[in-house]
Amino acid sequence: MNKKIRIGSRESKLAVLQSQIIIDLIKKHCPQYEIELVTMKTTGDRILDRTLDKVGGKGLFVKELDKALLNGEVDLTVHSLKDVPMEIDERIPLVAFTECEYPYDVLVLPKGTDKLDLSKPIGSSSMRRSIQIKKIYPDAEIKPIRGNVITRLKKLDSGEYSALILAQAGLERLGLSYRISRVFNENEIIPAAGQGVIAVQGRKEDNFDFVKYINNKNSKLCAEAERSFVKELNGGCSSPVAAFAVLKNDKITINGLYAENNIMNIQSITGKAGEGKALGKELAKRVREVL
């Protein structure tokens, strides 16, 4: 790879902040590289009047970035791992996973409010969140919401919604942790596979020696196990599928959720840390057989 690295990113404030995290890590350990950030608007950013399951799923957030990577317009791309489809073009593999930070979902109330008003709907961007939040607030109306974090918060504060369910990681990275009213642990809402992890994608033929300074081994093991579970179930952006893996010593435990016809099945599996992908597949088979 040349001494100049072009990093592709969505143009949203959160995406740029996450790309800057990767840039800072590379600069810290490999100051010899010149780094250029290349931002672009993806199809998923443009289509905001329909839920993602109606227009092609999460792949719409990486479509343009993948094309730029394959065409040699950028050298690396940076994503929230939860937005990366389970099927990856083998020409542009995921080459690094950052340490997982803040993997949970949270409740956000309108500014100046400290109680949930169920006379208005709760905004949720996915069936995964919606079906689980119904367990906690059975009387709530759940209404889809699209747009980046800042756009969603504006809709919330304008009175359209009583609350939002968002990823904690995004709010923390944007410096908006003060907006969080409640953090849901994995026993309340199982997160999306890879939530809280920043992923780096590159071309298969390129040299990525420097990504060892980005890659977190434990994060990679957990993320691959979670994604294996979801992939086996053909889960996408809005599918009611969720996975959360935890490493302890040399063991990995995966909690998985699968729903069909609004009926949820949640199970877990534990095994050797290095067998996460196989365990994810096995867990997927188990939850699917029950429904």
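Throughout, residues of each chain are indexed from 1 in the direction in which the sequence is written. For this predicted model, a pLDDT threshold of at least 70 governs which residues receive local features, and a threshold of 80 or more governs which side-chain atom pairs are given and counted, while totals over whole chains, interfaces and linings are taken from all residues. Values reported for side chains reflect all heavy atoms of the structure, with hydrogen atoms and water molecules removed beforehand.

1. Observations regarding the overall build of the chain
A tally of regular secondary structure across the chain gives nine helices and 13 strands. A compact globule built from 291 residues should have a C-alpha radius of gyration of about 19 Å, and the chain, at 19 Å, falls within 12% of that. A principal-axis box enclosing the C-alpha atoms of the chain has dimensions of 55 × 45 × 35 Å. In this scheme, a residue with accessible area under 20% of its type's maximum is buried, one over 50% is exposed, and one in between is partly exposed, where area comes from a 1.4 Å probe on protein chains only. Taken across its 291 residues, the chain has 52% of its residues classed as buried. Taking as baseline every contact in the chain between residues at least 6 positions apart, the subset at least 24 positions apart corresponds to 69%. This count recognises Lys and Arg as positive and Asp and Glu as negative, with His and chain-terminal groups excluded. Every charge is mapped to an atom, namely NZ of Lys, CZ of Arg, CG of Asp or CD of Glu. Between the averaged position of the 46 positive side-chain charges in the chain and that of its 38 negative side-chain charges there is a distance of 1 Å. Secondary structure counts use DSSP, requiring at least four H or I residues in a row for a helix and at least two E residues in a row for a strand, with both numbered from the N terminus. In this setup the radius of gyration rests on C-alpha atoms only. A globule is expected at 2.2 Å times the number of residues raised to 0.38. In what follows, residue pairs with any heavy atoms lying within 4.5 Å of each other are defined as contacts.

2. Looking at the pattern of salt bridges
The salt bridge definition used is simple: a Lys or Arg side-chain nitrogen within 4 Å of an Asp or Glu carboxyl oxygen. Overall, the coordinates contain 15 salt bridges when judged by the stated rule. Note that Arg129 is salt-bridged to Asp105, the shortest N-O span being 2.8 Å. Within this pair, whereas Arg129 is found in helix α5 (residues 127–136), its partner Asp105 is found in strand β5 (residues 105–108), the two being separated by 24 residues in sequence. A network of salt bridges, in which partner residues are shared, links Arg6, Asp75, Arg203 and Asp206.

3. Some words on the layout of surface pockets
Site definitions follow a grid-based scheme: protein atoms alone, a 1 Å grid, a 1.4 Å probe that fits but cannot get out for cavities, and for pockets an open set with protein on both sides within 12 Å along at least five of seven lines, plus lining residues having an atom within 4 Å of a point. Grid points are joined across faces, edges and corners, and a volume is the space filled by probe spheres set on the points. Quantified by volume, the second largest pocket comes out at close to 390 Å³. Lining the second largest pocket are 16 residues; nearest its centre among them are Met86, Glu224, Arg227, Lys231 and Lys277. Contributions of two or more residues to the lining of the second largest pocket are made by β4 (94–97), α8 (217–232) and α9 (276–290). Looking at the lining of the second largest pocket element by element, the count peaks at six residues for α8.

4. Remarks on helix α1 (residues 13–29)
Expected span of a helix: the number of residues minus one, times 1.5 Å. With 17 residues, α1 should cover 24 Å at 1.5 Å per step; its first-to-last C-alpha distance of 25 Å lies within 8% of that length. Of the residues making up α1, those classed as buried are Leu14, Ala15, Gln18, Ser19, Ile22, Ile23 and Ile26. Close packing links the buried residues of α1 with β1 (4–10), β2 (34–40), β3 (76–80), α6 (149–157), α7 (168–173) and β10 (198–202).

5. Thoughts on the sheet that holds strand β11 (residues 241–248)
Two orientations exist for strands paired in a sheet by backbone hydrogen bonds: parallel and antiparallel. Read across the sheet, three strands follow the order β11-β12-β13 without closing on themselves; strand pairing throughout is antiparallel. Both edges of this open sheet fall to β11 and β13 (263–272), since each of them pairs with a single strand only. Sheet twist, expressed as the mean angle between neighbouring strand axes with direction ignored, is 15°. The pairing of β11 with strand β12 (residues 251–260) spans eight bridges and is classified as antiparallel. When DSSP locates at least two bridges between a pair of strands, those strands are taken to pair. Axis angles are defined between N-to-C directions and span 0 to 180 degrees, where every axis is a line fitted to C-alpha atoms and, for a helix, only to the segment in contact.

6. A few points about the packing of α8 against α9
In the contact formed by α8 and α9, the axes pass within 7 Å of each other and the chain directions differ by 35°. Crossing angle aside, the handedness with which α8 passes α9 is right-handed. Residues Glu224, Ala225, Ser228, Phe229 and Glu232 of α8 touch α9, and the partners they reach there are Gly276, Lys277, Gly280, Lys281, Leu283, Ala284, Lys285, Val287 and Arg288. Note on residue categories: nonpolar means Ala, Val, Leu, Ile, Met, Phe, Trp, Tyr, Cys or Pro, charged means Asp, Glu, Lys or Arg, and polar means any other residue, Gly included. Here the residues of the contact of α8 with α9 sort into five nonpolar, three polar and six charged. Helix crossings fall into two classes, left-handed where the near helix is turned counterclockwise from the far one by less than a right angle and right-handed where it is turned clockwise.

7. A look at the environment of Gly147
Along the chain, Gly147 falls in the loop between β7 (142–144) and α6. Among the residues examined, Gly147 registers a relative accessible area of 14% and is labelled buried. For the pair Gly147 and Leu247, spaced 100 residues apart in the sequence, the C-alpha separation amounts to 33 Å.

8. Details of α9
In this model α9 runs 22 Å from its N-terminal to its C-terminal C-alpha over 15 residues, within 8% of the 21 Å that 1.5 Å per residue would give. For α9, every residue scored as buried is listed here: Gly276, Leu279, Gly280, Leu283, Ala284 and Val287. Along the long axis of α9, the arc covered by the buried residues comes to 140°, so they all point the same way. Residues of α9 that are buried in the fold lie against α8, β12 and β13. It is the directions from the helix axis to the C-beta atoms that the arc portrays.

9. Quick look at the sheet that holds β3
Here five strands make up an open sheet; going across it, the order is β2-β1-β3-β10-β4 and the pairing mixed. Of all the strands in the sheet, just β2 and β4 have a single pairing partner and so form its edges. Strand after strand, the sheet turns through a mean of 25° between neighbouring axes, direction not considered. Sheet topology places β1 next to β2; seven bridges connect them, and they run parallel. Paired with Arg6 across the bridge in β2 is Glu36. Against the sheet, α1 makes contact with β1, β2, β3 and β10, and its axis sits at roughly 160° relative to β1, the strand it touches most.

10. Re the packing of aromatic side chains
Only the six-membered ring of Trp is used, alongside the rings of Phe and Tyr, when aromatic pairs are assigned; centres must lie within 6.5 Å, and planes under 30 degrees apart are stacked while those over 60 apart are edge-to-face, with the rest tilted. Using the criterion set out here, one finds two aromatic pairs in the structure. Seen in terms of ring centroids, Tyr104 and Phe244 are 5.8 Å apart; in terms of plane orientation they differ by 40°. Their pairing is tilted. Pair noted here: Tyr104 is in the loop between β4 and β5 and Phe244 is in strand β11, with a separation of 140 residues, a long-range link. Given the relative accessible area of 22%, Tyr104 is considered partly exposed.

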